[in-house]
Structures are given as structure tokens and as C-alpha cells.
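# Examination of the molecular architecture
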Amino acid sequence: QAKNTRLLNYRSYARRGPFYQKNINSQPNLGDLSPPKSSDFEKIWISGRFRLAILVVSFLAFPVLTKFLDRCTDMPPDQLNEITSQFGPGISILYGTFVSLTLSILYGRQKNIQGAVTLETSLLSLLTRNLLAIFKKDKERTIEGGQCVADQIRILVKESRGK
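Parameters at a glance
- Residues numbered from 1 in each chain as written.
- Predicted model: local features only at pLDDT ≥ 70, side-chain atom pairs only at ≥ 80, totals over all residues.
- Heavy atoms only, no water.
- Helix = DSSP H or I, 4+ residues; strand = E, 2+ residues; numbered from the N terminus.
- Buried < 20%, exposed > 50% of the residue type's maximum accessible area, 1.4 Å probe, protein only.
- Contact = heavy atoms within 4.5 Å.
- Areas by Shrake-Rupley, 256 points an atom, 1.4 Å probe, with all protein chains shown as cover.
- Core = buried A, V, L, I, M, F, W, Y, C linked by side-chain atoms within 4.5 Å.
- Salt bridge = Lys/Arg side-chain N within 4 Å of Asp/Glu carboxyl O.
- Axes fitted to C-alpha atoms, helices over the stretch in contact; angles between N-to-C directions.
- Parallel < 35°, antiparallel > 145°, perpendicular 65-115°, else oblique.
- Nonpolar A, V, L, I, M, F, W, Y, C, P; charged D, E, K, R; others polar.
- Patch = residues over 30% accessible without salt bridge, like charges linked within 9 Å, V, L, I, M, F, W, Y side chains within 5 Å.
- Expected span 1.5 Å × (residues − 1).
- Bend = angle between axes of the 7 residues up to and from the residue.
- pLDDT = per-residue confidence, 0-100.

Turning next to the overall build of the protein. Helices and strands together make up the secondary structure of the protein, namely 5 helices and 0 strands. Counting from the amino terminus, the protein carries its helices and strands in the arrangement α-α-α-α-α. A total of 163 residues make up the protein; the buried ones form 12% of that total. Sequence separation of 24 or more characterises 55% of the internal contacts of the protein that already satisfy a separation of 6 or more. Summed over its atoms, the accessible surface of the protein is roughly 13,600 Å², and 63% of this surface lies on carbon and sulfur atoms.

This is how it looks when you write it as C-alpha cells:
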């Protein structure tokens, strides 16, 4: 009972089906380690309609926001223009540099993590195939070896994301 529950509980980043008891004798493949299909709600923020809606809402909200903020300040327009003409270009270049550098670093980290995860999943698939081939006639050792691989998969897909 404990071995089965360790395989099935808290698996939010991998499909559960390949690890069910009924699939224990089926041939493993890399698809076993693929993530579950995400719902449409989880993918809505990358859709074109959502991005277009954000653009339209921002475009329509900007005049309202500027009129509201204009009522809140007592600064004469000439003084505001002088401040924005002197500090605006420098601040925007600095901000753009920070954003660009941050995105570049994050993209590099993501590529490294994806490469490491891809390598580990392919090695786990190969290891699972070898374990099943080596211990073909010894069911107890097959289960023990499979449990070790399943524990590593659990660590990869659950605990590596934070607890």
C-alpha cells in the first residue's frame, strides 16, 4: 500500500497513468514522464485574444488614469515637462537595460534547467528499461528498482519545484 501511494500522491507535474499498477508491465517510454495536459484556463494568458484584450484595456484606461492623476498634482505643466524631458530618457534607457538583462539571465537559466531535466528524464527512461530487462524474472527486485526510479521521478517533478 505504501509503495503505491508514494507513486500516486502529489504528482502535479507528471501524468499519473503510467505509474498505475495496471501499467506496471507495459514498456516505458519518454511519454511516461511528460507533464499532464493543462486546461484551457491555464493557457489563456498566452492566447492572442487575451493579449489583445490587455492592449485594448490599457489603451482605454490610459486617458482616464492621466486625467485622474492630473487632478491630484499641483505642479504647473511647464515644470512637469522640464522634469520629464530631463529624466525621462535616462530613466527609460536604464529601465530597458535592467529588463533586457533580467530577461536574458532568466532565459539562460531556463535553457539550462530544461537541458538538465531533458537529460535526466532520458536517463531515467533508459534506466527503467534496463531494470525491467535485467530483473525480468525477479518480480521483487523489479518492484524495488522501479520504486527507486519512481522516487527519483517524484523528486524531479515535485520536490524540485519547491515544497
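Structure shown, so let's carry the discussion forward.
With that out of the way, let us pick up the nonpolar core. Membership of the largest hydrophobic core is limited to 6 residues, which are Leu124, Leu131, Val149, Ile153, Leu156 and Val157. Only helix H4 (77-134) and helix H5 (139-157) provide two or more residues apiece to this core. The leading source of residues in this core is H5, at 4 residues. The residues touching Val149, leaving out its near neighbours within four places in the chain, are Leu124, Leu127, Thr128 and Leu131.

Summed over all chains, the structure comprises 1 salt bridge. Asp138 is the partner of Arg141 in a salt bridge, and the nearest nitrogen-oxygen pair spans 3.5 Å.

At a minimum axis separation of 10 Å, H4 and H5 run at an interaxial angle of 170°. Compared by their axis directions, H4 and H5 come out roughly antiparallel. Judged by residue contacts, Val117, Glu120, Thr121, Leu124, Leu127, Thr128, Leu131 and Leu132 of H4 engage Thr142, Gly145, Gly146, Val149, Gln152, Ile153 and Leu156 from H5. Classifying every residue of the contact of H4 with H5 gives 8 nonpolar, 6 polar and 1 charged.

Right, let's get into a nonpolar patch on the surface. On the surface, a cluster of nonpolar side chains totalling about 680 Å² of accessible area is made up of Met75, Leu80, Ile83, Phe87, Ile91, Leu94 and Phe98. Note on placement: Phe87 falls in helix H4.

This next bit is on H4. Over its 58 residues, H4 extends 81 Å from the first C-alpha to the last, a length consistent with the 86 Å expected when each residue adds 1.5 Å. By the largest-angle criterion, Phe87 marks the main kink of H4, which is about 40°, and a proline, Pro89, follows within four residues. Where H4 is concerned, the buried positions are Thr121, Leu124, Ser125, Thr128 and Leu131. Buried residues belonging to H4 abut H5.

The next point concerns H5. Over its 19 residues, H5 runs 26 Å from end to end, which matches the ideal 27 Å to within 8%, given 1.5 Å per residue. Every buried residue of H5 is accounted for by Gly145, Gln147, Val149, Ala150, Asp151, Ile153, Leu156 and Val157.

What follows covers the confidence of the model for the protein. Across the protein, pLDDT averages 80, with 79% of residues at or above 70. For the protein, the element scoring lowest by mean pLDDT is helix H1 (residues 2-8), at 48; helix H3 (residues 48-72) scores highest, at 91.

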